[in-house]
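# Summary of the model geometry
These are the residues of each chain, in order.
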Amino acid sequence: MQFDRRRFAQHLSLMGILPARAFGQAWPAKPIRLVVPYTVGGAPDILARLLAQEMGPALGSVVVENRSGAGGSLGADAVAKSAPDGYTFLVTTAATHSINPALYPTMPYDSVRDFSPITMIASTPLMLVTASSGPFKSLQEVLAFARSKPKQLTYASAGSGTMQHIAAELMEDL
(Lines give C-alpha, C1' and ligand atoms only; values in the text may rest on other atoms or scores of the structure.)
Protein backbone atom coordinates (compact mmCIF):
# COMPACT_ATOMS: atom_id res chain seq x y z
CA MET A 1 0.00 0.00 0.00
CA GLN A 2 1.48 3.33 -1.06
CA PHE A 3 0.99 6.16 1.45
CA ASP A 4 0.61 9.63 -0.07
CA ARG A 5 1.82 12.18 2.48
CA ARG A 6 0.46 15.25 0.66
CA ARG A 7 -2.97 13.70 0.14
CA PHE A 8 -3.10 12.68 3.82
CA ALA A 9 -2.27 16.25 4.85
CA GLN A 10 -4.97 17.58 2.50
CA HIS A 11 -7.55 15.28 4.09
CA LEU A 12 -6.52 16.45 7.55
CA SER A 13 -6.85 20.04 6.42
CA LEU A 14 -10.32 19.41 5.04
CA MET A 15 -11.31 17.85 8.35
CA GLY A 16 -10.12 20.96 10.17
CA ILE A 17 -7.18 19.29 11.87
CA LEU A 18 -4.52 21.20 9.98
CA PRO A 19 -4.97 24.74 8.80
CA ALA A 20 -4.71 25.05 5.02
CA ARG A 21 -1.67 27.32 5.31
CA ALA A 22 0.25 24.42 6.86
CA PHE A 23 0.97 23.09 3.36
CA GLY A 24 3.78 25.64 3.06
CA GLN A 25 5.32 24.41 6.29
CA ALA A 26 7.20 21.21 6.89
CA TRP A 27 4.73 18.70 8.25
CA PRO A 28 5.33 16.69 10.16
CA ALA A 29 8.04 18.52 11.99
CA LYS A 30 7.82 16.22 15.01
CA PRO A 31 6.58 12.67 15.73
CA ILE A 32 2.92 11.88 15.17
CA ARG A 33 1.19 10.23 18.13
CA LEU A 34 -1.44 7.53 17.70
CA VAL A 35 -3.04 7.23 21.13
CA VAL A 36 -4.75 3.91 21.84
CA PRO A 37 -6.93 4.13 24.97
CA TYR A 38 -6.59 0.41 25.66
CA THR A 39 -3.87 -2.04 26.69
CA VAL A 40 -1.19 -3.42 24.43
CA GLY A 41 -2.16 -6.43 22.33
CA GLY A 42 -5.85 -5.77 21.75
CA ALA A 43 -7.43 -5.13 18.36
CA PRO A 44 -7.16 -1.29 18.55
CA ASP A 45 -3.49 -1.55 19.52
CA ILE A 46 -2.68 -4.00 16.73
CA LEU A 47 -4.48 -1.85 14.16
CA ALA A 48 -2.70 1.29 15.39
CA ARG A 49 0.68 -0.42 15.06
CA LEU A 50 -0.12 -1.57 11.52
CA LEU A 51 -1.26 1.95 10.64
CA ALA A 52 1.90 3.46 12.16
CA GLN A 53 4.01 1.03 10.16
CA GLU A 54 2.30 2.12 6.91
CA MET A 55 2.42 5.83 7.73
CA GLY A 56 6.02 5.85 8.95
CA PRO A 57 7.87 5.73 5.61
CA ALA A 58 5.96 8.74 4.30
CA LEU A 59 5.59 10.78 7.48
CA GLY A 60 8.62 9.90 9.57
CA SER A 61 8.16 8.98 13.19
CA VAL A 62 4.70 7.67 14.09
CA VAL A 63 4.49 6.58 17.72
CA VAL A 64 1.77 4.37 19.20
CA GLU A 65 1.01 5.38 22.78
CA ASN A 66 -1.22 3.17 24.93
CA ARG A 67 -3.13 5.08 27.61
CA SER A 68 -5.59 2.58 29.01
CA GLY A 69 -8.11 2.95 31.80
CA ALA A 70 -11.72 3.81 32.53
CA GLY A 71 -13.05 1.98 29.47
CA GLY A 72 -10.92 4.08 27.13
CA SER A 73 -11.88 7.41 28.67
CA LEU A 74 -8.40 8.22 30.00
CA GLY A 75 -6.77 8.02 26.57
CA ALA A 76 -9.66 9.78 24.84
CA ASP A 77 -9.48 12.60 27.40
CA ALA A 78 -5.73 12.96 26.83
CA VAL A 79 -6.34 13.39 23.09
CA ALA A 80 -9.25 15.80 23.67
CA LYS A 81 -6.97 17.98 25.80
CA SER A 82 -3.93 17.73 23.50
CA ALA A 83 -2.76 20.66 21.40
CA PRO A 84 -4.89 20.94 18.22
CA ASP A 85 -1.80 20.85 16.01
CA GLY A 86 -2.44 17.77 13.85
CA TYR A 87 0.07 15.58 15.66
CA THR A 88 -2.17 13.59 18.00
CA PHE A 89 -4.76 11.05 16.85
CA LEU A 90 -7.04 8.67 18.74
CA VAL A 91 -7.37 5.07 17.53
CA THR A 92 -10.43 3.85 19.39
CA THR A 93 -13.67 1.91 19.44
CA ALA A 94 -17.32 2.75 20.00
CA ALA A 95 -16.72 2.62 23.75
CA THR A 96 -15.13 6.06 24.08
CA HIS A 97 -17.60 7.90 21.88
CA SER A 98 -20.90 6.02 22.17
CA ILE A 99 -20.99 3.62 25.09
CA ASN A 100 -19.21 5.61 27.80
CA PRO A 101 -21.18 8.84 27.21
CA ALA A 102 -24.41 6.78 27.42
CA LEU A 103 -23.35 4.95 30.60
CA TYR A 104 -21.71 7.67 32.66
CA PRO A 105 -23.49 10.89 33.66
CA THR A 106 -20.30 12.94 33.46
CA MET A 107 -17.37 12.54 31.11
CA PRO A 108 -14.08 14.48 31.07
CA TYR A 109 -14.62 15.19 27.34
CA ASP A 110 -17.46 15.73 24.89
CA SER A 111 -17.36 12.92 22.34
CA VAL A 112 -18.90 15.12 19.63
CA ARG A 113 -17.46 18.58 20.29
CA ASP A 114 -13.90 17.56 21.23
CA PHE A 115 -13.12 15.28 18.27
CA SER A 116 -13.16 15.35 14.47
CA PRO A 117 -13.68 11.96 12.84
CA ILE A 118 -11.09 11.06 10.22
CA THR A 119 -11.81 7.53 9.03
CA MET A 120 -12.84 4.06 10.08
CA ILE A 121 -9.78 1.85 10.14
CA ALA A 122 -11.53 -1.47 10.58
CA SER A 123 -14.66 -3.22 11.68
CA THR A 124 -14.17 -6.02 14.17
CA PRO A 125 -17.03 -8.43 14.90
CA LEU A 126 -17.84 -9.83 18.31
CA MET A 127 -18.14 -13.58 18.53
CA LEU A 128 -19.64 -15.87 21.12
CA VAL A 129 -17.51 -19.01 21.40
CA THR A 130 -17.21 -22.00 23.70
CA ALA A 131 -15.13 -25.15 23.82
CA SER A 132 -16.03 -27.53 20.99
CA SER A 133 -16.35 -30.30 23.56
CA GLY A 134 -18.84 -28.21 25.57
CA PRO A 135 -22.60 -28.68 25.80
CA PHE A 136 -23.61 -25.79 23.50
CA LYS A 137 -23.66 -25.89 19.71
CA SER A 138 -25.84 -22.82 19.01
CA LEU A 139 -26.94 -19.51 20.48
CA GLN A 140 -30.42 -20.96 20.95
CA GLU A 141 -28.97 -23.70 23.19
CA VAL A 142 -27.07 -21.11 25.26
CA LEU A 143 -30.19 -18.95 25.68
CA ALA A 144 -32.37 -21.96 26.60
CA PHE A 145 -29.85 -23.00 29.27
CA ALA A 146 -29.58 -19.45 30.61
CA ARG A 147 -33.38 -19.17 30.91
CA SER A 148 -33.71 -22.53 32.65
CA LYS A 149 -30.81 -21.93 35.05
CA PRO A 150 -30.41 -18.20 35.75
CA LYS A 151 -27.02 -17.02 37.00
CA GLN A 152 -25.28 -20.28 36.04
CA LEU A 153 -23.39 -19.00 32.97
CA THR A 154 -20.37 -16.72 33.15
CA TYR A 155 -18.61 -14.71 30.47
CA ALA A 156 -15.40 -12.77 30.06
CA SER A 157 -15.11 -9.22 28.82
CA ALA A 158 -12.51 -6.49 28.62
CA GLY A 159 -14.31 -4.63 31.42
CA SER A 160 -17.36 -2.56 32.29
CA GLY A 161 -18.73 -0.54 29.40
CA THR A 162 -16.85 -2.47 26.71
CA MET A 163 -18.53 -3.93 23.65
CA GLN A 164 -18.30 -7.43 25.15
CA HIS A 165 -19.98 -6.28 28.36
CA ILE A 166 -22.78 -4.45 26.55
CA ALA A 167 -23.35 -7.43 24.22
CA ALA A 168 -23.67 -9.77 27.22
CA GLU A 169 -26.11 -7.38 28.88
CA LEU A 170 -28.18 -7.19 25.70
CA MET A 171 -28.26 -10.99 25.49
CA GLU A 172 -30.16 -11.02 28.78
CA ASP A 173 -33.08 -9.43 26.89
CA LEU A 174 -33.19 -12.17 24.25
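This report concerns the structure included in the present document. Every value quoted in this text rests on a predicted model; they were computed, and no experiment measured them.

Moving on, we come to the nonpolar core. In terms of nonpolar packing, the biggest core is built from 15 residues, with I32, L34, V36, L59, V62 and V64 touching the most fellow members. For this core, the secondary structure elements donating two or more residues are β1 (32-36), α2 (43-59) and β2 (62-66). Examining the composition of this core, we find that four residues originate from one element, α2, more than from any other. Not counting chain neighbours up to four residues away, the residues in contact with V64 comprise L34, V36, D45, A48, R49 and A52. One finds V35, A76, Y109 and F115 within the second-largest nonpolar core, a separate group that totals six residues.

Looking now at unusual backbone geometry. Omega for the bond connecting W27 with P28 falls within 30 degrees of zero, at 0°, which places this linkage in the cis form. For P28, the location among the structural elements is in the loop between α1 (5-14) and β1. Positive phi values are uncommon outside glycine, yet A70 reaches one of about 55°. Positionally, A70 belongs in the loop between β2 and α3 (73-80). Judged by relative accessible area, A70 falls into the partly exposed class, the value being 49%. Backbone geometry places K151, a non-glycine residue, at a positive phi of 70°. Within the element layout of this structure, K151 appears in the loop between α5 (139-148) and α6 (163-171). Under the relative-accessibility criterion, K151 is labelled exposed at 80%.

Parameters and conventions
- Residues numbered from 1 in each chain as written.
- Predicted model: local features only at pLDDT ≥ 70, side-chain atom pairs only at ≥ 80, totals over all residues.
- Heavy atoms only, no water.
- Core = buried A, V, L, I, M, F, W, Y, C linked by side-chain atoms within 4.5 Å.
- Buried < 20%, exposed > 50% of the residue type's maximum accessible area, 1.4 Å probe, protein only.
- Helix = DSSP H or I, 4+ residues; strand = E, 2+ residues; numbered from the N terminus.
- Contact = heavy atoms within 4.5 Å.

Any link to function would need more than the numbers given here.
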